[in-house]
Amino acid sequence: MNKKMPLRLEKCPLVDALIEIRFESSIIGSAIFGIIYNLIRDDYNGTVTNLPILQVPEQIRKNDPNFRFKPLYRIEAEKYIIQIGDDVLCISSKIPYVGWDEFSSRTIELIKKVAEEGIINKVLRIGHRYVNFFEGDIMDKLTISKPTINGYQTNNVLVRTEVRDCDNFIDTIQITNSAAYKSPSHAESLSGSLIDIDSFKEYEDNYFLENLESEINKVHICEKNMFFSLLTDDFLDTLNPIY
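Residues numbered from 1 in each chain as written. Predicted model: local features only at pLDDT ≥ 70, side-chain atom pairs only at ≥ 80, totals over all residues. Heavy atoms only, no water.

Caption draft 1: Spatial organisation of the packing of aromatic side chains. Within this structure, the stated rule accounts for 11 aromatic pairs. Considering the side-chain rings of tyrosine 97 and tyrosine 130, the 5.6 Å spacing of their centres and the 80 degrees angle between planes classify their relative orientation as edge-to-face. With tyrosine 97 in the loop between strand 6 (88-93) and helix 3 (100-116) and tyrosine 130 in strand 7 (residues 120-135), the pair connects residues that are 33 residues apart, well separated along the chain. On the basis of an interplanar angle of 40 degrees and a centroid distance of 5.3 Å, the ring pair of phenylalanine 133 and tyrosine 181 is categorised as tilted. A residue pair is termed long-range when its members are at least 10 positions apart, and phenylalanine 133 in strand 7 and tyrosine 181 in strand 11 (residues 170-181) qualify at 48 residues. What makes phenylalanine 133 buried here is its relative accessible area of 8%. One aromatic cluster is present, formed by Tyr97, Trp100, Phe103 and Tyr130 through successive ring pairs. (Phe/Tyr/Trp six-rings, centres within 6.5 Å; stacked < 30°, edge-to-face > 60°. Helix = DSSP H or I, 4+ residues; strand = E, 2+ residues; numbered from the N terminus. Buried < 20%, exposed > 50% of the residue type's maximum accessible area, 1.4 Å probe, protein only.)

Caption draft 2: The arrangement of the packing of helix 1 (residues 29-40) against helix 3 in detail. At their nearest, the axes of helix 1 and helix 3 sit 10 Å apart, and the two run at 125 degrees to each other. When the axes of helix 1 and helix 3 are compared, the pair comes out oblique. In this structure, helix 1 meets helix 3 at a crossing whose hand is right-handed. For the pair helix 1 and helix 3, contact is made by Ile36, Leu39 and Ile40 and by Leu110, Lys113 and Val114, respectively. Taken together, the residues of the contact of helix 1 with helix 3 sort by class into 5 nonpolar, no polar and 1 charged. (Axes fitted to C-alpha atoms, helices over the stretch in contact; angles between N-to-C directions. Parallel < 35°, antiparallel > 145°, perpendicular 65-115°, else oblique. Left-handed = near helix turned anticlockwise from the far one by under 90°. Contact = heavy atoms within 4.5 Å. Nonpolar A, V, L, I, M, F, W, Y, C, P; charged D, E, K, R; others polar.)

Caption draft 3: Structural view of the layout of surface pockets. Estimated volume of the largest pocket: approximately 620 Å³. Lining the largest pocket are 32 residues, with Leu18, Glu20, Arg22, Arg129 and Asp198 sitting closest to its centre. Of all the elements in the fold, those that place two or more residues in the lining of the largest pocket are strand 2 (14-25), strand 5 (80-84), strand 6, strand 7, strand 10 (158-164), strand 11 and strand 12 (190-202). Sort the elements by how many residues they give to the lining of the largest pocket and strand 2 lands first, with 5 residues. Class assignment for the residues of the lining of the largest pocket results in 11 nonpolar, 8 polar and 13 charged. In this structure, the second largest pocket encloses a volume near 390 Å³. Surrounding the second largest pocket, 17 residues form its lining, Leu7, Arg8, Leu9, Leu14 and Tyr97 being those nearest its centre. At the level of secondary structure, the elements contributing two or more residues to the lining of the second largest pocket comprise strand 1 (8-9), helix 3, strand 7 and helix 5 (212-229). (1 Å grid on protein atoms, 1.4 Å probe; cavity = no way out; pocket = protein on both sides within 12 Å on 5 of 7 lines; lining within 4 Å. Points joined across faces, edges and corners; volume = space filled by probe spheres on them.)

Below is the structure:
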């Protein structure tokens with residue numbers, strides 16, 4: 001991508017922002033939540049919720065790949081949501097988004113704190129996901145072409161693809177022009193378009209923990225590059241980019 005990336009957008013379309021690590025634990029799964037909660041309760045004091053997957057027997061959760069890396073508990077604090085499982089840890093910024101500087105700093109601090117407690121044997125995967133919502137149909141404002149079938153125009157479009165990005169990260173990209181979003185500032189759901197990008201990388205050894213800050217920033221750069229590459233220059237200008 002050759003175009004200059006904005007530092008931020010004044011008309012920020014973000015509706016979800018999260019970072020997830022999947023790890024191999026060094027202690028029994030049933031003890032992980034309690035240990036992590038005691039580590040972070042002062043920083044993320046909020047409501048704790050047991051997630052529905054806890055009703056699935058532990059043996060099934062461990063052996064079914066669809067359940068293995070699912071969080072079991074949710075902590076909702078003032079600006080962040082923390083989700084914890086036997087081998088997964090996720091931090092989300094509430095909307096309005098706190099900005100990358102604060103979000104990345106909080107994420108690095110959280111992972112370091114958990115790793116230093118000896119809970120993590122090694123990190124298997126880092127994932128960074130941004131979901132952006134736009135009112136209306138934006139398909140003709142993107143650098144991808146709206147598909148046609150045998151000359152017929154398509155209406156409700158859903159595009160999903162994977163792209164191998166910089167430094168062995170993979171971007172899972174989903175775009176749709178038939179999405180609904182319930183904004184806290186609106187009584188009714190809004191109709192529009194979504195750009196959902198989940199950038200991730202898998203690891204075989206301790207490389208992630210040894211290079212924590214650089215890997216967190218690399219996955220963010222990959223995701224950000226991909227997002228802005230999807231927007232035409234004219235459409236980007238309407239979002240009031242700050243350089």
